[in-house]
Amino acid sequence: MKTIIERLINCILCLVMVISVAGCGNTAKEPKENVVQVYYVNNDESGIIFQDYEVQASMDDTDAVIDELLVQMETMPEKLEYEAPIYGPIYLRSYNCSGGLLTLNFASSYFEADETTEILDRAAMVRTLTQVPGVDYVTFQVAGVPLADSEGNIIGNMSADNFVYNAGNEINTYEKVELVLYFATEDGQQLMPVYRSVVYNSNILMQRLAIEQIISGPNNDVSYPTLNQQTKINSVSVRDGVCYVDFDNNFLIQPYSVSSEVAIYSLVNTICAISDVNKVQISVGGSSDVVFMESISLNTVFERNLDIVK
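Please read these numbers as outputs of a predicted model, since none were measured by experiment. (Residues numbered from 1 in each chain as written. Predicted model: local features only at pLDDT ≥ 70, side-chain atom pairs only at ≥ 80, totals over all residues. Heavy atoms only, no water.)

### Side note on the overall build of the protein
Heads up, the rule is: Secondary structure follows DSSP: runs of H or I at least 4 residues long count as helices, runs of E at least 2 residues long count as strands, and numbering of each begins at the N terminus. Burial status follows relative accessibility: with a 1.4 Å probe on protein chains alone, a residue under 20% of its type maximum counts as buried, one over 50% as exposed, and anything between as partly exposed. The contact criterion used throughout is that any non-hydrogen atoms of two residues lie within 4.5 Å. Each accessible area is a Shrake-Rupley result for a 1.4 Å probe, and residues are judged covered by the shown protein chains and nothing else.
Regarding its fold elements, the protein presents 5 helices and 15 strands. Expressed as a percentage of its 310 residues, the buried residues of the protein come to 46%. Long-range pairs, those at least 24 residues apart, make up 60% of the contacts in the protein with a sequence separation of at least 6. Just so you have it, the protein exposes about 16500 Å², and 49% of that area is on carbon and sulfur atoms.

If you want it as structure tokens, here you go:
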């Protein structure tokens, strides 16, 4: 009888050990304390997105962590769909962190940023930096003066709660704009301006809106299309007066009887008619090492050409 009891006890002990080992093997990994989410602006500048980043500095060293995250937000990411929030006119001169408040002081060029882009850049910075231990709020200054909104009200201290995840939702309004679009003449050898009023969502980058209108073609009987209507826009971004546009391969297929110059400059002239752009860089599938219609290399930066406008 004793032998049977001993065997039963041994079986129970073995079962407990198996369960314990299995339990250890399935234990979820604890999230790393030094991993934060660095926020960027998406390429069509309609919201913010993030990627995880492992901080190298000690999380107890507030200034060192801030320095490291600022470097990340000042560097343009390798991913085409991400844009650095501290870039171009958004130039950070200095910062100070005291009593849980991080003050960022920007150069006066800050006011040159597009209103939509500025809000998204600000959201990305605040959401990133308030993850730093010791930083409860972030406030902005421009040339030492507190940042104010369009009505002159001081924006003040900001936390992550000031910005919903897709910050574009905060500025989800519709506006009416008149675009100058350049389409082909009947012989396909010249361009003619066409004025079109469009009601659009202010989350959309104006340059992207104009490009979409060119691809969709004219809506009158006196001008003619220049780009393949099957063309898809991969990305559009604007930095330092240059509009970067990336298309899919349909951009290279030309179904219309127009010259290569007319096709290219219908796009370039339309984009450059928007005030904050004077140059255009075109790529296909992320590469500019492409020859369009066997005659124009895309490996260049295009400027407005009014010589072919009728």
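Moving on from the model shown.
### Description of the pairing of strand β10 (residues 233–239)
This is how it is decided: We treat two strands as partners when DSSP finds at least two bridges between them.
Taken across its 7 residues, β10 has 6 buried, putting it largely inside the fold. Taken together, the 6 bridges between β10 and strand β11 (residues 242–247) define a ladder with antiparallel strand orientation. Each bridged residue has a counterpart across the sheet, and for Val 236 the counterpart in β11 is Val 245. Counting the residues that bridge the hairpin from β10 to β11 gives 2 residues, and of these Asp 240 lies at a positive phi of roughly 50°.

### Observations regarding the nonpolar core
The line we're drawing: For our purposes a nonpolar core is just a set of buried Ala, Val, Leu, Ile, Met, Phe, Trp, Tyr and Cys residues, chained together by side-chain atoms within 4.5 Å.
Ile 211, Phe 247, Phe 251, Ile 264, Ile 282 and Leu 298 are the most contacted members of the largest nonpolar core, which has 43 residues in total. At the level of secondary structure, the elements contributing two or more residues to this core comprise β8 (174–184), β9 (191–201), α4 (206–216), β10, β11, α5 (260–272) and β12 (279–284). In terms of residue count, the dominant contributor to this core is α5 (8 residues). Membership of the second largest hydrophobic core comes to 31 residues, among which are Val 65, Leu 102, Tyr 110 and Met 158.

### Describing the confidence of the model for the protein
The condition is simple: Every residue gets a pLDDT, meaning the predictor's confidence in that residue, from 0 to 100.
For the protein, per-residue confidence averages 84 on the pLDDT scale, and 83% of positions sit at 70 or higher. Overall, residues 11–29 carries pLDDT values under 50, and its contacts beyond four positions in sequence, including any with other chains, amount to 0 contacts. Scored below 50 in pLDDT, residues 165–173 shows 30 contacts in the model against residues more than four places distant or in partner chains.

### Concerning the packing of aromatic side chains
Rules: Aromatic rings from Phe, Tyr and Trp, taking only the six-membered ring of Trp, are treated as a pair when their centres fall within 6.5 Å; an angle between ring planes under 30 degrees marks them as stacked, one over 60 as edge-to-face, and anything in between as tilted.
Following the criterion strictly, the structure yields 9 aromatic pairs and no others. Ring centres of Tyr 110 and Phe 111 lie 6.3 Å apart, and the angle between their planes is 90°; this geometry places the pair in the edge-to-face category. By relative accessible area, Tyr 110 is classed as buried at 3%. Residue Phe 111 is classed as exposed on the basis of its relative accessible area of 59%. With centroids separated by 4.5 Å and ring planes inclined at 5°, the aromatic side chains of Phe 247 and Phe 251 adopt a geometry described as stacked. Residues Phe 247 and Phe 251 agree in their burial class; the two are buried. Aromatic rings pair up to connect Phe 106, Tyr 110, Phe 111 and Phe 140 into one cluster.

### Some words on the pairing of strand β2 (residues 48–54)
Sheet topology places strand β1 (residues 35–42) next to β2; 7 bridges connect them, and they run antiparallel. Considered in β2, the bridge of Val 36 is made with Tyr 53. Between β1 and β2, which follow one another and run antiparallel, lie 5 residues, and Glu 45 among them has a positive phi close to 55°.

### A word on α5
Worth spelling out the cut-off: To estimate how far a helix should extend, the number of its residues minus one is multiplied by 1.5 Å.
Relative to the 18 Å expected for 13 residues at 1.5 Å per residue, α5 spans 18 Å between its end C-alpha atoms, a close match to the ideal helical length. With 12 of 13 residues buried, α5 is to be regarded as a mostly interior element. Turning to α5, its buried residues are Ser 260, Val 262, Ala 263, Ile 264, Tyr 265, Ser 266, Leu 267, Val 268, Asn 269, Thr 270, Ile 271 and Cys 272.

### Thoughts on the sheet that holds β12
We count it as follows: Think of each axis as a best-fit line through the C-alpha atoms, taken over the contacting stretch in the case of a helix, with angles from 0 to 180 degrees between the N-to-C directions.
Here we have 4 strands laid out as an open sheet, ordered β10-β11-β12-β15, and mixed in their pairing. Among the strands making up the open sheet, the edge pair consists of β10 and β15 (301–303). The average angle at which neighbouring strand axes cross in this sheet is 25°, direction not considered. Relative to β12, β11 runs parallel, the two being bridged by 6 bridges. Looking at β12, one finds that Val 245 is bridged to Ile 282. Taken strand by strand, α4 contacts β10 and β11, and its axis lies near 140° from that of β10. Along the sheet, α5 makes contact with β11, β12 and β15, crossing β12 at roughly 135°.

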